[in-house]
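# Close look at the chain arrangement
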Number of protein chains: 2
Amino acid sequence: MKEPVRITVTGAAGQIGYAMLFRIASGEMLGIDQPVVLQLLEIPPAMDALRGVVMELQDCAFPLVRGVVPTSKPEEAFEGADFVLLVGARPRGPGMERKDLLEANGAIFTGQGKAINDYASRSVKVLVVGNPANTNCLIALQNAKDLQPDQFTSMTILDHNRAIALLAEQTGMHVAKVRNLAVWGNHSATMFPELLSATVGGKPALELIEFDWYRDKFIPSIQQRGAEIIRARGSSSAASAANAAIEHMRLWSLGSDSVTSMGIVSRGDYDITEGIVYSFPVSCEAGKIEIDRSRSLDDFCVERLQVTERELLEERDAIKHLL
Amino acid sequence: MKEPVRITVTGAAGQIGYAMLFRIASGEMLGIDQPVVLQLLEIPPAMDALRGVVMELQDCAFPLVRGVVPTSKPEEAFEGADFVLLVGARPRGPGMERKDLLEANGAIFTGQGKAINDYASRSVKVLVVGNPANTNCLIALQNAKDLQPDQFTSMTILDHNRAIALLAEQTGMHVAKVRNLAVWGNHSATMFPELLSATVGGKPALELIEFDWYRDKFIPSIQQRGAEIIRARGSSSAASAANAAIEHMRLWSLGSDSVTSMGIVSRGDYDITEGIVYSFPVSCEAGKIEIDRSRSLDDFCVERLQVTERELLEERDAIKHLL
């Protein structure tokens, strides 16, 4: 059995946290030979609920769990952390403008970036789930000066999986037959789910579907899927977001056998401004994330890559005093 | 890859269902080589919420999922089912007596027993999670005349795991060191978590703890744990109950490497009245559940076995017109 690793989850008593922790504890994220210590951060008003979550974790008698630490202190939560899932974020309240939302979350992710810098393992892997995830991730990594930017990522695998599922449904094929799809840019309504390089059962996706459907139905459906879930469920997607976060960390740690999508710091690939956190097609091996640099994008794609890039630049401008 | 199996979950849009489905879909219940079709039953007012759950399942692009069928019709939900998890039940409302609760659930489980009898696979395995689970299970199996009683079980693994966790905590040992503990009788405040045969790290549990603690703290804590969770969380245990249900079905199907606890039809072992659904220490092999008949119980144990037996006989009397 391996040595235990420390996994920090913020917003641990929230809906996504609740859907995530039991799967992490059972070994779904890092494998059933990897013992874990769970370090759970919440804000003080949520500590009672978090205590209930900890009791339920205890009540599962998970063989892999070596400890559970509920706390409202970032220095305790991030101490020695090998994996950090930043789930907790300020949701948009009534009358809040986008700028207010960026600002409110900016304060949270500035503090958490600093705390990760000061307390986490030097090889920590960080995933930002809390929205606006790309820009929150940018703030966190800019405030963790002693760590490498490529230790920080933001989540777009949920969008990636939504795109796979919708393309599979439209072509009447199973999801496992879809390959090489990518979600580019911001985790927001400007994200671009690209099918130019995608295949279904070995055939180019764009030969199997109408371009009009792709442009007018597929892309907006993926961009608006979150809102559609809220309308049906009456609350936002929690279990599918938790599933995506687990998959993101599993692929990053244990490797991927096909292309997926992750928000990472741009190094200028595909002419995306260096330094912003942007979702690219990637694959993972031995704990490293590699961009798929092999794609030839047409004008339709490039234009959409730029739209979502512009939004990320505007977001960066709005919080530039925090960087 | 194996042929897909059909898994029915009732109350699929409820909290336990929501905590359970994504783990079943990812392969945690039956293994990552077992494709599944999920057949999800809800009452008509919950069909919108269920639609949201189905969208989220789709959004995970689970490789093992071969189909998801949301329905409010039992004949659709149970059609060809290989595994049935009866999670949905009527909760106790304001002013409801225990007898009213038994009656309200009696109607549900009578209908579901009949529908399982008429539509499910002839080798179906049924787990009742919805409370009062033992008596609901009795009603279901009595209404499934063409199936064997041992195809019906009720859940006490949650109590079993709670007992393991508390004993491990008290002795300062890891949960994986606890063996041979058992929970007997009804899933209610009369259940009896027995430590006479239990060991921790190879040593008899009762040599490691004070008998007074066992009688006055341990037993009541396990019996009242559900209520304690509700006080902390503000809602009842969902993720830990879902975890237990998954474990119950996994052990039943794939085998257990140590003793666990399950509610099964009594054949008179340990002098428990034949025909009632009673939790015994069991192990599982090749899809069969075997009672551990090796225990020597002392007067302290026998008395407690009888208390919880009497409660089950009273419950049976209250719904005998449904049998």
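Everything in this summary refers to the structure shown in the same document. (Residues numbered from 1 in each chain as written. Chains lettered and ligands numbered in written order. Predicted model: local features only at pLDDT ≥ 70, side-chain atom pairs only at ≥ 80, totals over all residues. Heavy atoms only, no water.)

Let's shift gears to the relation of the copies chain A and chain B. In screw terms, the move from chain A to chain B is a rotation of 180° and a rise of 0.0 Å along the axis, fitting with an RMSD of 0.0 Å. As the rotation angle and translation indicate, the two copies are arranged about a two-fold axis. Taking C-alpha positions as the reference, the residue of chain A nearest the rotation axis is Ala19(A), at 3.2 Å. Mapped onto chain B, 100% of the interface residues of chain A are again interface residues, and the two copies thus contact each other with one and the same surface. (Least-squares fit on C-alpha atoms with pLDDT ≥ 70 in both. Contact = heavy atoms within 4.5 Å.)

Right, let's talk about the sheet that holds strand β7 (residues 178–179) of chain A for a bit. Residue and element names in this part refer to chain A. A sheet is described by the order of its strands in space; here three strands give the open sequence β7-β10-β11, paired in antiparallel fashion. What marks the edges here is a single partner per strand, and that holds for β7 and β11 (203–204). As defined by bridge partners, β7 adjoins strand β10 (residues 199–200) across two bridges and the pair is classed as antiparallel. Each bridged residue has a counterpart across the sheet, and for valine 178 the counterpart in β10 is valine 200. (Pairing = 2+ DSSP bridges. Helix = DSSP H or I, 4+ residues; strand = E, 2+ residues; numbered from the N terminus.)

What follows deals with the packing of helix α4 (residues 98–119) of chain A against helix α10 (residues 299–318) of chain A. Residues and elements named next belong to chain A. It is at 10 Å that the axes of α4 and α10 come closest, and there the two elements cross at 65°. The crossing of α4 and α10 is right-handed. Residue-level inspection shows Arg98, Leu102 and Glu103 of α4 in contact with α10, the latter providing Glu311, Glu314, Glu315 and Ala318. Its residues assigned to classes, the contact of α4 with α10 comprises two nonpolar, no polar and five charged. (Axes fitted to C-alpha atoms, helices over the stretch in contact; angles between N-to-C directions. Left-handed = near helix turned anticlockwise from the far one by under 90°. Nonpolar A, V, L, I, M, F, W, Y, C, P; charged D, E, K, R; others polar.)

All right, on to the interface of chain A and chain B then. With 39 residues of chain A at the contact, the number on the chain B side is 39 residues. Summing both partners gives a buried area of about 3,300 Å² for chain A against chain B, and 56% of it is carried by carbon and sulfur. The interface formed by chain A and chain B includes six salt bridges. Of the charged contacts in the structure, one is a salt bridge between Asp59(B) and Arg162(A), with a shortest N-O distance of 3.2 Å. For the pair chain A and chain B, the interface holds 32 residue pairs in polar contact (both at pLDDT 80 or more). When residues of the side of chain A that touches chain B are traced back to their parent elements, those giving at least two are α1 (15–25), α2 (47–58), β3 (65–71), α6 (157–171), α8 (211–233) and α9 (239–254) of chain A. Ranked by residues supplied to the side of chain A that touches chain B, first place goes to α2(A) with eight residues. Of the residues belonging to the side of chain A that touches chain B, the class tally is 19 nonpolar, eight polar and twelve charged. (Buried area = accessible area lost by both parts, 1.4 Å probe. Salt bridge = Lys/Arg side-chain N within 4 Å of Asp/Glu carboxyl O. Polar contact = N/O pair within 3.5 Å; in protein donor to acceptor, adjacent residues only side chain to side chain.)

It is worth spelling out helix α5 (residues 133–142) of chain A at this point. All names here are of chain A. Counting buried positions along α5 gives nine out of ten residues, so the element sits mostly inside the fold. Among all positions of α5, only Ala133, Asn134, Thr135, Asn136, Cys137, Leu138, Ile139, Ala140 and Leu141 are buried. Each element contacted by the buried residues of α5 is listed here: α4, β5 (125–128), β6 (152–155), β12 (260–265), β13 (277–285) and α10. (Buried < 20%, exposed > 50% of the residue type's maximum accessible area, 1.4 Å probe, protein only.)

Under the defined criterion, the tally for this structure stands at 30 salt bridges over all chains. The salt bridge involving Arg215(A) is made with Asp216(A); its shortest N-O contact spans 3.0 Å. Classification of Asp216(A) by relative accessible area gives partly exposed; the value is 44%. In this structure, Arg162(B) engages Asp159(B) in a salt bridge whose closest nitrogen and oxygen atoms are separated by 3.8 Å. Residue Arg162(B) and its partner Asp159(B) are both found in helix α6 (residues 157–171); the two are separated by three residues, about one turn of the helix. With respect to class, Arg162(B) is no different from Asp159(B); both count as buried.

Okay, the sheet that holds strand β14 (residues 288–291) of chain B next. All names here are of chain B. One open sheet accounts for nine strands, arranged β3-β2-β1-β4-β5-β6-β12-β13-β14; its pairing is mixed. Two strands bound the open sheet, and with one partner strand each, they are β3 (65–71) and β14. On average, each strand axis in the sheet is inclined to that of its neighbour by 30°, with strand direction left out of account. Two elements, strand β2 (residues 36–41) and β3, share six bridges in a ladder whose sense is parallel. Looking across to β3, one finds that leucine 38 is bridged to valine 68. The sheet strands contacting helix α1 (residues 15–25) are β1 (5–10), β2, β3 and β4 (83–86), and the helix crosses β1 at an angle near 170°. In the packing of α6 onto the sheet, the strands contacted are β6 (152–155) and β12 (260–265), and the crossing angle to β12 comes to about 155°.

Now for the environment of Ala241(B). Residue and element names in this part refer to chain B. Mapping alanine 241 onto the fold places it in helix α9 (residues 239–254). Judged by its relative accessible area of 5%, alanine 241 is buried. Sequence-wise, alanine 241 and methionine 29 are 212 residues apart; in three dimensions their C-alpha atoms are separated by 14 Å.

With 162 residues, the main nonpolar core has Ile7(A), Leu85(A), Ile7(B) and Leu85(B) as its most contacted residues. Ile7(B) has contacts with Ile24(B), Met29(B), Leu30(B), Val36(B), Val37(B), Leu38(B), Gln39(B), Phe83(B) and Leu85(B), leaving out every residue within four places of it along the chain. (Core = buried A, V, L, I, M, F, W, Y, C linked by side-chain atoms within 4.5 Å.)

A word on the pairing of strand β5 (residues 125–128) of chain B. Here is the key point about a regular strand: its side chains alternate between the two faces of the sheet. All names here are of chain B. Here β5 shows no split at all, with Lys125 and Leu127 on one side and Val126 and Val128 on the other all buried. Pairing of β4 with β5, which is carried by four bridges, proceeds in the parallel orientation. Within β5, the residue paired with leucine 85 across the bridge is leucine 127. Regarding topology, helix α4 (residues 98–119) serves as the crossover connection from β4 to the parallel β5, and that connection is right-handed. Bridge analysis of β5 against β6 gives three bridges, and the strand direction is parallel. Paired with leucine 127 across the bridge in β6 is threonine 153. Following the backbone out of β5, through helix α5 (residues 133–142) and into the adjacent parallel β6, one traces a crossover that is right-handed. (Right-handed = clockwise from strand over helix to strand, strands pointing away.)

Take the packing of aromatic side chains next. Across all of its chains, the model carries 20 aromatic pairs over all chains by this definition. Residues Phe211(A) and Tyr214(A) carry aromatic rings whose centres are separated by 5.5 Å and whose planes lie at 80° to one another, so their mutual orientation is edge-to-face. In this pair, Phe211(A) and Tyr214(A) both sit in helix α8, three residues apart, roughly one turn of the helix. Where Trp184(B) meets Phe280(B), the ring centres are 6.0 Å apart and the plane angle is 70°; that geometry is what we call edge-to-face. One end of the pair, Trp184(B), is in strand β8 (residues 182–184); the other, Phe280(B), is in strand β13 (residues 277–285), and 96 residues separate them in sequence. Judged by relative accessible area, which is 0%, Phe280(B) ranks as buried. (Phe/Tyr/Trp six-rings, centres within 6.5 Å; stacked < 30°, edge-to-face > 60°.)

So, on to the pairing of strand β2 (residues 36–41) of chain A. All names here are of chain A. For β2, the tally of buried residues reaches six of six residues, placing the bulk of the element in the interior. Alternating residues of β2 divide into Val36, Leu38 and Leu40 and Val37, Gln39 and Leu41, and every residue in both groups is buried. Summarising the sheet, strand β1 (residues 5–10) and β2 pair through six bridges and their orientation is parallel. Bridge assignment links valine 9 to a residue of β2, and that residue is leucine 40. Running through α1, the crossover from β1 to the neighbouring parallel element β2 is right-handed.

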